[in-house]
Protein chains: 2
Amino acid sequence: MVGSVGNGLMDLGAAAAAVNGVGKGAAHPEAVAAALPMEVEPPARAGAGAGAGAGVEDGMGNGEGTPRREIVLGRNVHTASFAVKEPEADDDETGEREATMASVLALYRRSLVERTKHHLGYPYNLDFDYGALAQLQHFSINNLGDPFIESNYGVHSRQFEVGVLDWFARLWELEKNEYWGYITNCGTEGNLHGILVGREVFPDGILYASRESHYSVFKAARMYRMDCVKVDTLISGEIDCADFQRKLSVNRDKPAIINVNIGTTVKGAVDDLDLVIKTLQENGFKDRFYIHCDGALFGLMMPFVKKAPQVTFKKPIGSVSVSGHKFVGCPMPCGVQITRLEHINALSSNVEYLASRDATIMGSRNGHAPIFLWYTLNRKGYRGFQKEVQKCLRNAHYLKDRLREAGVGAMLNELSSTVVFERPKDEEFVRRWQLACEGNIAHVVVMPNVTIDKLDYFLNELVEKRATWYQDGGCQPPCIARDVGQENCLCSLHKKSYCRNLRCFCKDWSV
Amino acid sequence: MVGSVGNGLMDLGAAAAAVNGVGKGAAHPEAVAAALPMEVEPPARAGAGAGAGAGVEDGMGNGEGTPRREIVLGRNVHTASFAVKEPEADDDETGEREATMASVLALYRRSLVERTKHHLGYPYNLDFDYGALAQLQHFSINNLGDPFIESNYGVHSRQFEVGVLDWFARLWELEKNEYWGYITNCGTEGNLHGILVGREVFPDGILYASRESHYSVFKAARMYRMDCVKVDTLISGEIDCADFQRKLSVNRDKPAIINVNIGTTVKGAVDDLDLVIKTLQENGFKDRFYIHCDGALFGLMMPFVKKAPQVTFKKPIGSVSVSGHKFVGCPMPCGVQITRLEHINALSSNVEYLASRDATIMGSRNGHAPIFLWYTLNRKGYRGFQKEVQKCLRNAHYLKDRLREAGVGAMLNELSSTVVFERPKDEEFVRRWQLACEGNIAHVVVMPNVTIDKLDYFLNELVEKRATWYQDGGCQPPCIARDVGQENCLCSLHKKSYCRNLRCFCKDWSV
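The paragraphs below set out a description of the structure included in this document. (Residues numbered from 1 in each chain as written. Chains lettered and ligands numbered in written order. Predicted model: local features only at pLDDT ≥ 70, side-chain atom pairs only at ≥ 80, totals over all residues. Heavy atoms only, no water.)

1. Remarks on the overall build of chain A
So, step 1. When helices and strands are counted, chain A shows 15 helices and 13 strands.
So, step 2. The burial tally for chain A puts 66% of its 511 residues in the buried class.
So, step 3. Considering only contacts in chain A between residues 6 or more positions apart, those separated by 24 or more positions represent 70%.
So, step 4. Here chain A has roughly 17,800 Å² of accessible surface; of this, 51% comes from carbon and sulfur atoms. (Helix = DSSP H or I, 4+ residues; strand = E, 2+ residues; numbered from the N terminus. Buried < 20%, exposed > 50% of the residue type's maximum accessible area, 1.4 Å probe, protein only. Contact = heavy atoms within 4.5 Å. Areas by Shrake-Rupley, 256 points an atom, 1.4 Å probe, with all protein chains shown as cover.)

Right, dumping it as structure tokens:
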């Protein structure tokens, strides 16, 4: 079992060593694994704001003042990589090269199976079967430039792309002849595009975004040289509109460009779009605002949740983006960006703008991703997604309840399938289940591939491990009241109040 | 034969109509094809600078003052797309949905085969076999964030990515512990990254780029709010360093950020890197410049061309980017970006920079692309690429010579496999061979998959068609002297001088 614990790359470490010509015949693959880039540098606490945080997309690290992982800048890890080596002159005859490569790939595939099985922390639906599309891997499919404008390069998939875009435009209630959009490489590209459109509509606009927005939003501000104001959040992770109002009031002279989170990265919190719009309008920003909705994950879940506030272009929003590899599931990152055609036309009528009619960020664009999306949307349809969303929400509630029953502080936002809980003490456990962590909290994002069985497997292991971590009483589970509120914290300090509130089964708690 | 001429999507047009529920039972697929996005809107001449040009990546459209295609802004073409339709309740039983989808995919695959076969205009190597990697399509592989920094998401391919990056760093002579880089989504992302690094090194720097630079360079300037100065080009397409000097001399107070083209999009011209550096140094910019080398296509060919000026980090350059789907060949667009580690460390030491340690543009990154690249680099090696480069250059010379023999004006830069020639009169022919055109010129990029047989097929068809286009003498082939120089033009005006120079086989000319 030791071999299967950890990041599952132990064998690969050995394979890498063999390919790289080091450690040949090493008797202990563990020795090699110790040097793997994912194994080294266990997280240490660094002072907030000291140097750089280890924020990664869909991971965590945006919270200011919270402990961050220490990163060794510029650490260049090569020991675990599969070096590219010049083929020997006689390789064609001996076939040795092919054999080595096949063996590396087979081991790598095994590690992918293992890693996919033990994955819980990132909002990726890992359950998909695109066997029918394997036939297309032989083609260099490239939707270069605009989805709606002809290119002479014939090996493209615009027919599928536009079909997918239409589906999303319908979902968000924008007419075919009133929208523009394209299939992006990831959620970040959607945010980069939405905020760029906002800036071009209001060149002197100030960008507002809650502190818990995805880091790509702040990256955009920096890239685009925009003034950016961070807005406080409520304990749920939602934008605090009282603070938003305060910040608007001192910048009344400049238009507002707002990033609205339809599901934050860490807590899955959904900003109150209606309240954001109301706050803008009541503070004299009637027509001087542009709203980009970052719907990376929940943009595709919310429409299927009853009572959820709707994201729709019938409200005065400018753009919405969603990821394709998250709820839909896709072998590679991708996303969908939908905006109002009038904005793109306004941009394009500026002759110098982008120096071309290509209003995408990337130019050359992956032509396979639209076909993957088209395939899944066609197979599942609205009804299929609705069922999956319901299942995810149900399973997320199950996880939260089971965690609390086990004495683990946990929070689940009403419209979310992201369960936030006390960070497991042991980093090996965190890596094994690929949990994204920030400070004292971790989260599990319940995706369609996360079954009750998988959750039980995880829960049982967590409970078992916790019993050993905290067995001698010298060490206590962390307090997460600051992150998720006292009412959701079960640390030694807050357990009692929680208990009083619930008048419940404290006796069952394992801690 | 009619069916195979055109964009090969006629049958698909019919399929789209069937899927969309329109035109069911239409007797004439041609009627549907007429509404395809690639078929409509034959190019018309629009005044230079009027509205927007039809520049697409790897296409053309950067030349100022040259005629451009007219684009109907915001035209939203949906008739040819494959709509996503809600499955019927009984679809699971009837299997009708699956059958329709399979039929759409089969027809689409057929069109891809046809389009791949007739492709000549874009610098994509369409000859690859990644059958061994089909097993990986089942996994959601995502190298999110930095290639060298651990992420808890375990389903990644950093081991392959770093191996590939090492190979390129070695190619461009930068030590393992001195470089930083990542595998991008396309050439544009490389340019966006390189120029961003340049701007962060010199925040008040002015961006210089030749007029024939890829449009993404000017897009970057706009996105990043940088001052940008366009530099003239020589007839070959290379940057004109005399003009560069003039433009530097009036901006001595600001540092210079320069985009150097290692192969321009249209003419495959290689800017003289050494002369660019010399010009900078002689004009007082000793340490106040940053050079980004856009090596989209030739970045990977030049190292294998004898006598070619070398792109190397031993010269004072800051970054190099190259595309992965071009010379290497890959099912999806991708690229490699290599820069100096010191620049990335400098950026990252700025706490607020990018709001995270992720110095990539995109965040979530395609984990399959690195494996494709790793696979090809391992199989072919330096020697394999060298052979392919030599073959491409040889075949490009063959094409240029045969064109001239046939009386077609043509140019081929010394270090290039891009053959520029007179634009074919008929747009159907242009689309059939997927030629990228600008004004009066078109080009063929001779890639490893372009054989002599394919070139002969193309040449024979061109000669045959030309005979009909120009048979009555009322219409003459266009003059391309302004684009490629008098010595390469064979229009009625310049033919004689060309003939005098060559004292050659005028009698053989078909025109």
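The discussion continues.
2. Focus: the state of the cysteines
So, step 1. All chains considered together, the criterion is met by 0 disulfides over all chains.
So, step 2. Free cysteine: A:Cys392, not disulfide-bonded; nearest cysteine sulfur from A:Cys330 at 17 Å. (Disulfide = S-S within 2.5 Å.)

3. A short note on the pattern of salt bridges
So, step 1. Evaluated as defined, the whole model comprises 40 salt bridges over all chains.
So, step 2. Between B:Arg379 and A:Glu98 there is a salt bridge, and its shortest N-O distance comes to 3.2 Å. Linking B:Arg379 in helix 11 (residues 368–405) with A:Glu98 in helix 4 (residues 96–117), this pair reaches from one chain into another.
So, step 3. Owing to a relative accessible area of 38%, A:Glu98 belongs among the partly exposed residues under this scheme. (Salt bridge = Lys/Arg side-chain N within 4 Å of Asp/Glu carboxyl O.)

4. Examining the pairing of strand 11 (residues 418–422) of chain A
Across a regular strand the side chains alternate sides, sitting on one face of the sheet and then on the other.
Residue and element names in this part refer to chain A.
So, step 1. For strand 11, a buried count of 5 out of 5 residues is recorded, marking the element as mostly surrounded by other parts of the structure.
So, step 2. Here 3 bridges tie strand 10 (residues 410–412) to strand 11, and the two strands are oriented antiparallel to one another. Across the sheet, the residue bridging to Met411 is Val420, located in strand 11.
So, step 3. Sheet topology note: the strand 11/strand 13 (residues 441–445) ladder contains 5 bridges and is antiparallel. Of the residues in strand 13, the one forming a bridge with Glu422 is Ile441. (Pairing = 2+ DSSP bridges.)

5. Some points on the sheet that holds strand 13 of chain A
Residues and elements named next belong to chain A.
So, step 1. Spatial ordering of the open sheet is given by 10-11-13-12, a layout of 4 strands whose pairing is antiparallel. Each edge of the sheet is formed by a strand with only one pairing partner; in this case those strands are strand 10 and strand 12 (436–438). Across the sheet, the axes of successive neighbouring strands diverge by a mean angle of 25°, strand direction being ignored.
So, step 2. Along the sheet face, helix 11 (residues 368–405) touches strand 10, strand 11 and strand 13 and points at about 160° away from the line of strand 10. (Axes fitted to C-alpha atoms, helices over the stretch in contact; angles between N-to-C directions.)

6. Some words on the sheet that holds strand 7 (residues 289–294) of chain B
Residue and element names in this part refer to chain B.
So, step 1. Spatially, 3-9-8-7-6-4-5 is the arrangement adopted by the 7 strands of the open sheet, whose pairing is mixed. Where the open sheet ends on each side, the last strands, each with one partner, are strand 3 (179–184) and strand 5 (228–231). Averaged over all pairs of adjacent strands, the angle between strand axes in this sheet comes to 15°, irrespective of strand direction.
So, step 2. Two strands pair when backbone bridges link them, and strand 7 and strand 8 (residues 319–323) are joined in this way by 3 bridges, in the parallel orientation. Each bridged residue has a counterpart across the sheet, and for Cys293 the counterpart in strand 8 is Val320.
So, step 3. Along the sheet face, helix 6 (residues 187–201) touches strand 3, strand 4 (206–210), strand 6 (256–261), strand 7, strand 8 and strand 9 (335–340) and points at about 175° away from the line of strand 7.
So, step 4. In the packing of helix 9 (residues 273–282) onto the sheet, the strands contacted are strand 6 and strand 7, and the crossing angle to strand 7 comes to about 165°.

7. So, unusual backbone geometry
Residue and element names in this part refer to chain B.
So, step 1. Here Glu173, not a glycine, exhibits a phi torsion of approximately 60°, which is positive.
So, step 2. Within the secondary structure layout, Glu173 lies in the loop between helix 5 (158–171) and strand 3.
So, step 3. Glu173 sits in the partly exposed class, given a relative accessible area of 39%.
So, step 4. A positive phi angle is found at Lys307, which is not glycine, with a value near 75°.
So, step 5. Secondary-structure assignment places Lys307 in the loop between strand 7 and strand 8.

8. Re the side chain of A:Glu114
Residue and element names in this part refer to chain A.
So, step 1. Turning to its location among the elements, Glu114 is positioned in helix 4.
So, step 2. Relative accessible area serves as the criterion here: at 13%, Glu114 is assigned to the buried category.
So, step 3. There is a polar contact of 2.8 Å between the side chain of Glu114 and the side chain of Arg115. (Polar contact = N/O pair within 3.5 Å; in protein donor to acceptor, adjacent residues only side chain to side chain.)

9. Side note on the packing of helix 8 (residues 241–249) of chain A against helix 9 (residues 273–282) of chain A
Residue and element names in this part refer to chain A.
So, step 1. Close contact between helix 8 and helix 9 brings their axes to 10 Å; oriented N to C, the two are set at 30°. Comparing their axes, helix 9 and helix 8 come out roughly parallel. Judged by the twist between their axes, the crossing of helix 8 over helix 9 is right-handed. Residues Cys241, Phe244, Gln245 and Leu248 of helix 8 form the contact with helix 9, whose participating residues are Leu275, Val276, Thr279 and Leu280.
So, step 2. Partitioning the contact of helix 8 with helix 9 into residue classes produces 6 nonpolar, 2 polar and no charged. (Parallel < 35°, antiparallel > 145°, perpendicular 65-115°, else oblique. Left-handed = near helix turned anticlockwise from the far one by under 90°. Nonpolar A, V, L, I, M, F, W, Y, C, P; charged D, E, K, R; others polar.)

Limitation: the analysis is restricted to geometry and does not speak to function.
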